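Commentary on secondary and tertiary structure
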Amino acid sequence: MKKILLTVVCLGLTSLYAQTYTTTANATAQSKNEACSQALQNAKVLAMEEAGTLVFSNFTATTSVVNKKVSKSNQHELITTALGVAKLKNKHEEVKVTPEYQFVCNVKATFSIDEDELTQTLKETLQKQQEEKKLQGYFQAEGYSEENQSRYRAFTSATMIAQRNLLEMIEGADLSSLTTVEKGKIKKDNIGRLLNGTLRGAEVVKKEYDPRTKSAHVVLRVKKKKVADALDLGLE
């Protein structure tokens, strides 16, 4: 087996408040650069997970956006989105070529990780995940009024357009997946009647008036469960 030995050392600046973590990882690819790049990425993930062990152990106490411990599966997902927190101090690469002409790169790397920065980054990422998850339980639509209208007329117009767009979104959704259909299929011509009151009670997410253009922007949302309840009650 033909072997190629390559050593690379990189030096970088380290934060006074950061901790250093040294990890080893490997990867196999069609080229040396690709193999070493992936191996370095794997080493960085390991370093971040090591730094994250302490962060996650105290996560419930350090953030108000979570009321229970972060699951193991989500920990890894959070870590991989925060890789920029790890700063490379130095690395040592060893590369060999297999008989199948694959490059195998083994990397030993040292990273500088500021745990306060990591904690803040994980908090922000987790909060964003939770906000996105919450929105998955809603239908949401927006409406824009025409320009050169009074505040009242602009808001009225934008709200009506948002309601119409919300209704079209609901009609285009797989409504059968939201309801328990026991006596037949949902009739499309009944949807508007059933949801009329539901849409009027939709939550206002955003309501803005632009005095420069004299136009309004309104964003409405309604819980999918509320839609499902309205449809179930209206089934014949």
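Residues numbered from 1 in each chain as written. Predicted model: local features only at pLDDT ≥ 70, side-chain atom pairs only at ≥ 80, totals over all residues. Heavy atoms only, no water.

Another aspect to go through is the nonpolar core. Met-48, Cys-105, Phe-111, Ile-113, Leu-118 and Leu-122 are the most contacted members of the largest nonpolar core, which totals 30 residues. Listing elements by their share of this core, those giving two or more residues are strand 2 (19-29), helix 1 (32-57), helix 3 (72-81), strand 3 (86-97), strand 4 (103-113) and helix 4 (115-135). Here the element with the most residues in this core is helix 1; it accounts for 11 residues. The residues contacting Leu-118, other than those within four sequence positions of it, are Met-48, Ala-51, Gly-52, Val-55, Ala-82, Val-85 and Ile-113. Within the second largest apolar cluster, 16 residues are counted, among which are Ala-141, Leu-199, Ala-202 and Leu-220. (Core = buried A, V, L, I, M, F, W, Y, C linked by side-chain atoms within 4.5 Å. Buried < 20%, exposed > 50% of the residue type's maximum accessible area, 1.4 Å probe, protein only. Helix = DSSP H or I, 4+ residues; strand = E, 2+ residues; numbered from the N terminus. Contact = heavy atoms within 4.5 Å.)

Using the criterion set out here, one finds 3 salt bridges in the structure. The salt bridge partner of Glu-93 is Lys-91, with a shortest N-O separation of 3.2 Å. Note on Glu-93: relative accessible area 5%, which makes it buried. Since its relative accessible area comes to 15%, Lys-91 is described here as buried. Ionic pairing is found between Arg-212 and Asp-210, a salt bridge with its closest N-O pair at 3.8 Å. Judged by its relative accessible area of 69%, Arg-212 falls in the exposed class. (Salt bridge = Lys/Arg side-chain N within 4 Å of Asp/Glu carboxyl O.)

A few words now on the confidence of the model for the protein chain. It should be kept in mind that the predicted coordinates are not to be read in detail where pLDDT is low. Per-residue confidence for the protein chain averages 78 on the pLDDT scale, and 71% of its residues sit at or above 70. Averaged pLDDT values over the elements of the protein chain bottom out at 44 in strand 1 (residues 3-4) and peak at 96 in strand 4. Here residues 1-15 is modelled with pLDDT under 50, and outside its nearest four sequence neighbours on either side it reaches 31 contacts, counting other chains as well. (pLDDT = per-residue confidence, 0-100.)

As a further point, take the pairing of strand 3. Judged from the 11 bridges that link them, strand 3 and strand 4 form a sheet pairing that is antiparallel. Along strand 4, the bridge assignment pairs Glu-93 with Val-107. (Pairing = 2+ DSSP bridges.)

Counted by the stated rule, this structure contains 1 disulfide. Sulfur-sulfur distance for the disulfide between Cys-36 and Cys-105 comes to 2.2 Å. Residues Cys-36 and Cys-105 share a disulfide whose torsion about the S-S bond is about 100°; that sign makes it right-handed. Taken together, the positions of Cys-36 in helix 1 and Cys-105 in strand 4 put the pair 69 residues apart, joining distant regions of the chain. Of the two residues, Cys-36 and Cys-105, neither departs from the other in class, the shared state being buried. (Disulfide = S-S within 2.5 Å.)

We note that Tyr-101 has phi near 60°; this positive angle belongs to a residue other than glycine. Inspection of the secondary structure assignment puts Tyr-101 in the loop between strand 3 and strand 4. A relative accessible area of 63% places Tyr-101 in the exposed class. The backbone of Asn-148 shows a phi angle near 60°, a positive value even though the residue is not glycine. Along the polypeptide, Asn-148 turns up in the loop between strand 5 (138-144) and helix 5 (151-171). Given a relative accessible area of 64%, Asn-148 falls into the exposed group.

What follows covers the packing of aromatic side chains. In the structure shown here, the tally under the stated rule is 1 aromatic pair. Between Phe-155 and Tyr-209, the ring centres sit 6.1 Å apart and the planes meet at 55°, which makes this aromatic pair tilted. Of this pair, Phe-155 sits in helix 5 while Tyr-209 sits in strand 6 (residues 203-210); the two residues are 54 residues apart in sequence, bridging distant segments of the chain. Classification of Phe-155 by relative accessible area gives buried; the value is 13%. Note on Tyr-209: relative accessible area 17%, which makes it buried. It is Lys-207 that lies over the ring of Phe-155; its NZ or CZ is 4.8 Å from the centre. A cation over a ring is seen here: Arg-221 above Tyr-138, with NZ or CZ 4.0 Å from the ring centre. (Phe/Tyr/Trp six-rings, centres within 6.5 Å; stacked < 30°, edge-to-face > 60°. Lys NZ or Arg CZ within 6 Å of the ring centre and 35° of its normal.)

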